[in-house]
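So the chains spell out like this:
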Amino acid sequence: MADHYNLYPLKHFAATVAQCMDFVLPESYAPAISWVSNILKDKMGGSADRAVLYHADAVGQYIWQKYPSLLAPVYRHTTMAVPFLSTVESVTPVAHASMYTGVDPEVHGIRTYVRPQLTCDTLYDQLIKAGKRVAIVAQEDSTFVHIFKGRELDMFEMKSSLDTQEKAMELIAMDCYDLISIHVFNYDSASHSHGPESKQALNALSFEAEGFARIAETIKENYKDHRTLLTYSPDHGQHLTEGGNGSHGSKMIEDMNILHFFGVIN
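We now turn to the structure provided with this report. Counting starts from 1 at the beginning of each chain's written sequence and moves along it residue by residue. Since the coordinates come from a predicted model, pLDDT governs what is reported: local features require at least 70, and pairs of side-chain atoms require 80 or more to be given and counted, while whole-chain, interface and lining totals use all residues. Only hydrogens and water are set aside when side-chain values are computed; all heavy atoms of the structure are taken into account.

1. A look at the overall build of the chain
Here's step 1: Only DSSP runs of H or I reaching four residues or more are called helices, and only runs of E reaching two or more are called strands; each is numbered from the N terminus. Along the backbone of the chain there are 12 helices and 10 strands.
Here's step 2: When checking whether two residues touch, look at their non-hydrogen atoms; a contact exists if any pair is within 4.5 Å. Residue pairs at least 24 apart in sequence account for 72% of intrachain contacts in the chain once pairs closer than 6 positions are excluded.
Here's step 3: Of the accessible surface of the chain, which amounts to about 10,700 Å², a share of 49% is contributed by carbon and sulfur atoms.
Here's step 4: By the counting scheme adopted, Arg and Lys are positive, Glu and Asp are negative, and His together with the chain ends is not counted. The location of each charge is read from NZ of Lys, CZ of Arg, CG of Asp or CD of Glu. Here the chain contributes 21 positively and 32 negatively charged side chains, and the mean placements of these two sets differ by 3 Å. Working definition of accessibility: Shrake-Rupley area with a 1.4 Å probe, residue cover restricted to the visible protein chains.

2. A closer look at the pattern of salt bridges
Here's step 1: Salt bridge criterion: a side-chain nitrogen from Lys or Arg within 4 Å of a carboxyl oxygen from Asp or Glu. Scanning the model with the defined rule gives 13 salt bridges in all.
Here's step 2: With its nearest N and O atoms 3.1 Å apart, the salt bridge here joins Arg50 to Asp175. Here Asp175 lies in the loop between helix H9 (161-174) and strand E6 (179-184) and Arg50 lies in strand E2 (residues 50-56), a separation of 125 residues in the sequence.
Here's step 3: According to the relative accessible area criterion, Arg50 is buried, its value standing at 9%.
Here's step 4: Residue Glu170 is joined to Lys167 by a salt bridge in which the shortest nitrogen-to-oxygen separation is 3.2 Å. Here the residue Glu170 and the residue Lys167 both occupy positions in helix H9, the gap between them amounting to 3 residues, near one helical turn.
Here's step 5: Remark: exposure states derive from per-residue accessible area (1.4 Å probe, protein chains only) relative to the maximum for the residue type, with buried under 20%, exposed over 50%, and partly exposed in between. The class of Glu170 is partly exposed, set by a relative accessible area of 42%.
Here's step 6: Residue Lys167 is classed as buried on the basis of its relative accessible area, which comes to 17%.

3. Here we look at H9
Here's step 1: How far a helix is expected to stretch is found by multiplying one less than its residue total by 1.5 Å. Taking 1.5 Å per residue, 14 residues should reach 20 Å; H9 reaches 20 Å between its end C-alpha atoms and fits that length.
Here's step 2: If you follow the buried residues of H9, they end up packed against E2, strand E4 (134-139), strand E5 (154-158), E6, helix H10 (186-194) and helix H11 (199-222).
Here's step 3: Count one or two residues on from H9 and you reach Asp175, which has phi positive near 55°.

4. Side note on the nonpolar core
Here's step 1: Side-chain atoms within 4.5 Å link the members of a nonpolar core, which is a set of buried Ala, Val, Leu, Ile, Met, Phe, Trp, Tyr and Cys residues. Within the largest apolar cluster, 47 residues are counted, with the highest numbers of intra-cluster contacts made by Tyr100, Leu123, Tyr124, Leu179 and Phe262.
Here's step 2: If one sorts the elements of this core by residue count, helix H1 (residues 13-20) sits on top with 6 residues.
Here's step 3: Residues in contact with Leu123, not counting those within four places in the same chain, are Ala14, Val17, Ala18, Leu25, Tyr29, Tyr100 and Leu179.
Here's step 4: Membership of the second largest hydrophobic core comes to 37 residues, among which are Ile172, Ile180, Ala216 and Leu259.

5. What about the side chain of Ser198?
Here's step 1: Summarising the element assignment, Ser198 is placed in the loop between H10 and H11.
Here's step 2: Distance and chemistry together define a polar contact, namely a pair of N or O atoms within 3.5 Å, with one atom able to donate a hydrogen and the other to accept it when in protein, and with adjacent residues in sequence counting only for side-chain atoms on both sides. Polar side-chain contacts of Ser198 include one of 3.1 Å to the backbone nitrogen of Ala201.

6. Considering the packing of aromatic side chains
Given two aromatic rings, their pairing is described by the distance between the two centres and the angle made by the two planes.
Here's step 1: Ring geometry is summarised as follows: Phe, Tyr and Trp rings, the Trp one being its six-membered ring, pair when their centres sit within 6.5 Å, and such pairs are stacked at plane angles under 30 degrees, edge-to-face over 60 and tilted between the two. Under the counting rule described, the total for this entry stands at 12 aromatic pairs.
Here's step 2: Ring plane angle 90° and centroid distance 5.7 Å describe the contact between Phe212 and Tyr232, whose orientation is recorded as edge-to-face. Linking Phe212 in helix H11 with Tyr232 in strand E7 (residues 228-232), this pair joins segments that are 20 residues apart in sequence.
Here's step 3: We classify Tyr232 as buried; its relative accessible area is 1%.
Here's step 4: Look at Tyr232 and Phe261: their rings are 6.0 Å apart centre to centre, the planes differ by 70°, and that puts the pair in the edge-to-face class. One end of the pair, Tyr232, is in strand E7; the other, Phe261, is in strand E10 (residues 257-265), with 29 residues separating them in the sequence. Across this residue pair, the class does not change: Tyr232 and Phe261 are buried.

7. Considering the packing of H1 against helix H2 (residues 34-44)
Here's step 1: Note on method: axes are straight lines fitted to C-alpha atoms, helices fitted across the in-contact stretch only, with angles between N-to-C directions ranging 0 to 180 degrees. Here H1 crosses H2 at 30°, and the two axes come no closer than 9 Å. Judged by the angle between their axes, H1 and H2 are roughly parallel. Crossing handedness for the pair H1 and H2: right-handed. Touching Thr16, Gln19 and Cys20 of H1 are Ser34, Val36, Ser37, Leu40, Lys41 and Met44, all from H2.
Here's step 2: Classification convention: Asp, Glu, Lys, Arg as charged; Ala, Val, Leu, Ile, Met, Phe, Trp, Tyr, Cys, Pro as nonpolar; all other residues, Gly among them, as polar. The residue inventory of the contact of H1 with H2, partitioned by class, reads 4 nonpolar, 4 polar and 1 charged. When describing relative orientation, an angle under 35 degrees is termed roughly parallel and one over 145 degrees roughly antiparallel, while 65 to 115 degrees is termed roughly perpendicular and anything else oblique. Two helices that cross are described as forming a left-handed crossing if the nearer one is turned anticlockwise from the farther one by less than a right angle, and a right-handed crossing if clockwise.

8. Things to note about the sheet that holds E7
Here's step 1: For two strands to be treated as a pair, DSSP must find at least two bridges joining them. Here we have 8 strands laid out as an open sheet, ordered E1-E3-E10-E7-E2-E6-E4-E5, and mixed in their pairing. Of all strands in the sheet, those with a lone pairing partner are strand E1 (8-9) and E5, marking the two edges.
Here's step 2: Looking at chain direction, E7 and E10 are connected through 5 bridges and run antiparallel. Paired with Thr231 across the strands is Phe262, a residue of E10.
Here's step 3: Packed onto the sheet, helix H5 (residues 92-101) meets E2, E6 and E10 and runs at close to 160° relative to E2.

Put into structure tokens, the structure is as follows:
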């Protein structure tokens, strides 16, 4: 059977998260994937009052297909894998903007690798208006730091993936945020330099998956009085170039097809 594109565009991510939290977004957002949120809420025994969204950059679906054991730490703490389709262009600012605004690139305005501050409505803005506390924890010079700045949320810019993971665990232990977004990109960087299936890239993939598991264990220890939605949510994939490096931004299946893993902890 020929390769085909995944069903769900990334713009459905925001409303799916919101529906898990029994939070209604404006009609401008693409609708939630209701069967996903219904299963997760059933497993939680209600709606989530905490969400931790872990974004490991550039992990394509084919990497999961070829090296499934490297993501074992993710499976341990999640319930389902949902096939998502990245944006055109399949680059980080475009993809994450669509993920959090619930609209296509033509609407939110980021269509190539540029990182302006988003002026349109985001999931963060809706949560903040409702009195929720939001934090972003990201590696230094992350796209999140640029496109989501200027909002009344707490932004933590860390020097490394390890620092990012540890800061996220520190914030979880404080138990004062309703939603935490985490962005790491060691795999993306290693793939660009050495190729998406290189030893360096796969080691980075494994490290980020293990970091996800550490964060999940921290949630179990510190959010005992909460129902928590936990996701592992890449933005796009990468393909191998003739020069042996990794690249993305195309409409290739390797760049476009990604899996999001959803889980609950309560």
